[in-house]
Amino acid sequence: MNFPQYRPRRLRRTETLRRMVREVRLGISDLILPIFVTHGKGVKRPISSMPGHYQLSTDLIEEEAKKIRDLAIPAVILFGIPETKDETGKSALDSNGPVQRAVRTIKEKVPGLVVITDVCMCEYTSHGHCGIIKEGDVENDATLELLAREALSHAEAGADMVAPSDMMDGRVEAIRTLLDSEGYSHIPIMSYAAKYASAFYGPFREAAESTPEFGDRRSYQMDPANAEEALREVALDIEEGADIVMVKPALPYLDIIRRVKDGFGYPVAAYNVSGEYSMVKAAAEKGWIDGDRVMMEMLVAMKRAGADMIVTYFAREAAALLAK
Ligand code: PBG
């Protein structure tokens, strides 16, 4: 049917009509909130480039987890800022590290909150790269064992799910094999399957104190120009045992989210990264955009693209708005 018989505006006349024909819905259950946990006591250090986010010491995590539960946000993903860093990132395996402690506290005090842990070496290495360095580059195969042991240590602390974000080849299989052999075959892996070497991670690196000391991450994270390669990365991770596959960042890669959803039919997570958050906050602060509306538009676009869940620093604000 064509105009004048077909008039799309007929179904846009009122909010109720618009609500009835809405194709995708953003819900609080779609949201996963990232939290930065650090060592020490009574620490709530604001992250200047990410208004509303903090480095929190683990003694404050119980109160925080209760607030998150009260907003009905189903899950958090934890990032750790350890007390000590070295060449090989040994502190990632410390059963008393900030992530391991925070996991134990949350699972004890707020057991219904799903706790996902980010598995990577960059927060724990002195050079800030995501694995062991040999001749100026990250050595893939030697890093796999460390990642698997880090994931195991998170599972032992009680993590509900582990999320490797390092982009080493073969890490999903290495993690799956070790978890299975140690009695954690029930713990799912959310793999950062298509993770791009992105300038949008800038504010996160301040938050997690994980800026590489030399070079960049382009020898392991993906080239922003590549889509076919993203599908191969996802296929590999699924073959190796990933339960949920992630595309990261989200907003500049909505096409990848859609292709992954259509191509595999697996649960897809979108990571609405730090830079995507900070630029909205900065523009809103200047009065140039309506921050809440831009936030909701971005999040619903990720769902429309095919994301089943969204890791987002907006989780608190979006949940509060969605509860209204
Ligand atoms: C760790 C990791 C990063 C992010 C999540 N896990 C940073 C990076 O790869 O440099 C970025 C998240 C964000 O920007 O919000 N490898």
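Residues numbered from 1 in each chain as written. Predicted model: local features only at pLDDT ≥ 70, side-chain atom pairs only at ≥ 80, totals over all residues. Heavy atoms only, no water.

A. Broad picture of the packing of aromatic side chains. For the structure shown, the criterion picks out nine aromatic pairs. Both rings, one in Y271 and one in Y313, keep their centres 6.2 Å apart while their planes meet at 45°; by these two values the pair is tilted. Of this pair, Y271 sits in strand β11 (residues 268-272) while Y313 sits in the loop between β12 (309-312) and α11 (315-322), placing them 42 residues apart in sequence. Given the relative accessible area of 1%, Y271 is considered buried. Overall, the relative accessible area of 1% leaves Y313 in the buried class. Counting every residue linked through ring pairs, the aromatic cluster contains F36, F79, Y192, F204, Y271, Y277, Y313 and F314. A cation over a ring is seen here: K248 above Y201, with NZ or CZ 4.4 Å from the ring centre. (Phe/Tyr/Trp six-rings, centres within 6.5 Å; stacked < 30°, edge-to-face > 60°. Helix = DSSP H or I, 4+ residues; strand = E, 2+ residues; numbered from the N terminus. Buried < 20%, exposed > 50% of the residue type's maximum accessible area, 1.4 Å probe, protein only. Lys NZ or Arg CZ within 6 Å of the ring centre and 35° of its normal.)

B. Local environment of the environment of G80. Structurally, G80 can be placed in strand β4 (residues 75-81). On the basis of relative accessibility, which here comes to 0%, the residue G80 falls in the buried class. Measuring from C-alpha to C-alpha, the distance between G80 and V21 comes to 43 Å, with 59 residues separating the pair along the chain.

C. Structural detail: the nonpolar core. Core analysis: the largest hydrophobic core is formed by 107 residues, its most contacted members being F36, V76, L78, I106, M190, I256 and I257. With eight residues, helix α4 (residues 140-157) is the largest single contributor of residues to this core. (Core = buried A, V, L, I, M, F, W, Y, C linked by side-chain atoms within 4.5 Å.)

D. Representation of the site of the ligand within the structure. Taken together, 19 residues lie near the ligand, and K195, R205, K248, S274 and Y313 sit nearest. Contacts to the ligand include Q221, whose side-chain N or O atom sits 2.8 Å from an oxygen atom. K248 places a polar side-chain atom, nitrogen or oxygen, 3.4 Å from a nitrogen atom of the ligand. Using a 2 Å cut-off from the grid points, one finds that the ligand occupies the largest cavity. (Near = heavy atom within 4 Å. Polar contact = N/O pair within 3.5 Å; in protein donor to acceptor, adjacent residues only side chain to side chain. 1 Å grid on protein atoms, 1.4 Å probe; cavity = no way out; pocket = protein on both sides within 12 Å on 5 of 7 lines; lining within 4 Å. Sits in = over half its atoms within 2 Å of the grid points.)

E. Representation of the pattern of salt bridges. What the rule picks out here adds up to 19 salt bridges. For K261, the salt bridge identified is with D308, shortest N-O distance 2.9 Å. One end of the pair, K261, is in helix α8 (residues 254-264); the other, D308, is in the loop between α10 (291-305) and β12, and 47 residues separate them in sequence. Classification of K261 by relative accessible area gives partly exposed; the value is 21%. On the basis of relative accessible area, D308 is assigned to the partly exposed category, the value being 31%. One connected set of salt bridges, linked through shared partners, spans E15, R18 and R22. (Salt bridge = Lys/Arg side-chain N within 4 Å of Asp/Glu carboxyl O.)

F. Examining the side chain of Q221 more closely. Mapped onto the fold, Q221 is located in the loop between α6 (202-208) and α7 (228-240). Its relative accessible area of 4% is what places Q221 among the buried residues. Ignoring any residue separated from it by four or fewer positions in sequence, one finds Q221 in contact with M167, K195, Y196, A197, S198, Y201 and R205. (Contact = heavy atoms within 4.5 Å.)

G. Seen up close, the packing of α4 against helix α5 (residues 171-181). For the pair α4 and α5, the least separation of the axes is 8 Å and the interaxial angle reads 45°. Classed by the angle they form, the pair α4 and α5 counts as oblique. Of the two elements, α4 crosses α5, and the hand of that crossing is right-handed. Contacts between α4 and α5 involve L144, L147, A148, R149, A151, L152 and A155 from the first element and R171, A174, I175, L178 and L179 from the second. (Axes fitted to C-alpha atoms, helices over the stretch in contact; angles between N-to-C directions. Parallel < 35°, antiparallel > 145°, perpendicular 65-115°, else oblique. Left-handed = near helix turned anticlockwise from the far one by under 90°.)

H. Summary view of the confidence of the model for the chain. Put simply, the chain has an average pLDDT of 97, and 100% of its residues get 70 or more. Mean pLDDT across the elements of the chain bottoms out in α6 (93) and peaks in β12 (99). (pLDDT = per-residue confidence, 0-100.)

I. Fine view of α10. Counted at 1.5 Å a residue, the expected span for α10 with its 15 residues is 21 Å, and the 21 Å between its end C-alpha atoms agrees. Within the span of α10, buried status applies to G291, M295, M298, L299, A301, M302, K303 and A305. Buried positions along α10 lie against α8, β11, α9 (274-285), β12 and α11. Two or three places before D292, at the opening of α10, D290 has a side-chain oxygen 3.2 Å from that residue's backbone nitrogen. With its phi angle positive at about 125°, G306 sits one or two positions after the end of α10. (Expected span 1.5 Å × (residues − 1).)

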